[in-house]
Amino acid sequence: MTIDLNTCTGCSACVIACQAENNVPVVGKLEVAHGRAMHWLRIDRYFASEHGYDQDKGELPEDPEMVHEPMIASTAENAPCETVCPVNAPFTAKTG
């Protein structure tokens, strides 16, 4: 399975579909604080800017661009994320 990063909008529909398909339990805030969040798929978000900035010095970009990067743990033969994605970002080629 391949995910088109230029198409992904970060809507998290794939995360919910994967969680529902695999019966992943929902944990509360306390468990998440202890690092016990359970997901086989998550979406990392990064910020980019044309102008350089040093976040350690408290500098922030004026108009940052958010970049979404889906992180998959494994690929299923019939992945539920392929059918629920509103922009068809994940897809499987005929060659696999």
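Residues numbered from 1 in each chain as written. Predicted model: local features only at pLDDT ≥ 70, side-chain atom pairs only at ≥ 80, totals over all residues. Heavy atoms only, no water.

**Student:** Help me get a handle on the overall build of the protein, residues and values and all.
**Tutor:** Along the protein, the regular secondary structure elements total 3 helices and 4 strands. Its helices and strands in sequence order give the protein the pattern β-α-α-β-β-α-β, from N to C terminus. Computed over its C-alpha atoms, the radius of gyration of the protein comes to 16 Å, more than 25% above the 12 Å expected for a compact globule of 96 residues. Across its three principal axes, the protein shows a C-alpha extent of roughly 45 × 40 × 20 Å. Taken across its 96 residues, the protein has 22% of its residues classed as buried. (Helix = DSSP H or I, 4+ residues; strand = E, 2+ residues; numbered from the N terminus. Rg over C-alpha atoms; globule rule 2.2 N^0.38 Å. Buried < 20%, exposed > 50% of the residue type's maximum accessible area, 1.4 Å probe, protein only.)

**Student:** Lay out helix α1 (residues 13-21) in plain terms, naming residues and giving numbers.
**Tutor:** Turning to α1, its buried residues number three or more, namely Cys-14, Val-15, Ala-17, Cys-18 and Gln-19. Buried residues belonging to α1 abut β2 (41-48) and α3 (80-84). (Contact = heavy atoms within 4.5 Å.)

**Student:** Residue-level account of the side chain of Asp-44, with values.
**Tutor:** The topology assignment puts Asp-44 in strand β2. Residue Asp-44 is classed as buried on the basis of its relative accessible area of 17%. At 3.5 Å, the side chain of Asp-44 and the side chain of Tyr-46 are in polar contact. (Polar contact = N/O pair within 3.5 Å; in protein donor to acceptor, adjacent residues only side chain to side chain.)

**Student:** Would you mind going over the nonpolar core in detail, with residue names and values included?
**Tutor:** The nonpolar side chains of a soluble globular protein tend to be buried with one another. By size, the foremost hydrophobic cluster in this structure holds 7 residues: Cys-14, Val-15, Cys-18, Leu-41, Ile-43, Ala-79 and Cys-81. Broken down by secondary-structure element, the contributors of at least two residues to this core are α1 and β2. The element contributing the most residues to this core is α1, with 3 residues. (Core = buried A, V, L, I, M, F, W, Y, C linked by side-chain atoms within 4.5 Å.)

**Student:** Which residues make up the pattern of salt bridges, and what values do they have?
**Tutor:** Summed over all chains, the structure comprises 1 salt bridge. Salt-bridge contacts for Asp-44 lead to Arg-42; the nearest nitrogen and oxygen are separated by 2.9 Å. Here Arg-42 falls in the partly exposed class, since its relative accessible area comes to 45%. (Salt bridge = Lys/Arg side-chain N within 4 Å of Asp/Glu carboxyl O.)

**Student:** I'd like to hear about a negative patch on the surface, residue by residue, with values.
**Tutor:** On the surface, a cluster of negative charge is contributed by Glu-50, Glu-62, Asp-63 and Glu-65. The exposed category is assigned to Glu-50, whose relative accessible area is 81%. (Patch = residues over 30% accessible without salt bridge, like charges linked within 9 Å, V, L, I, M, F, W, Y side chains within 5 Å. Areas by Shrake-Rupley, 256 points an atom, 1.4 Å probe, with all protein chains shown as cover. Lys, Arg positive; Asp, Glu negative; His and termini not counted. Charge placed at Lys NZ, Arg CZ, Asp CG, Glu CD.)

**Student:** Describe unusual backbone geometry, and please don't skip the residues or the numbers.
**Tutor:** A positive phi is found at Ser-12, a non-glycine position, where the angle reads about 75 degrees. For Ser-12, the location among the structural elements is in the loop between β1 (2-3) and α1. Residue classification places Ser-12 among the partly exposed positions, given a relative accessible area of 23%.

**Student:** Let's hear about the state of the cysteines: which residues, and what values?
**Tutor:** What the rule picks out here adds up to 0 disulfides. Not engaged in a disulfide, the cysteine Cys-14 finds its nearest cysteine sulfur in Cys-81; these two sulfurs lie 5.9 Å apart. We classify Cys-81 as buried; its relative accessible area is 4%. (Disulfide = S-S within 2.5 Å.)

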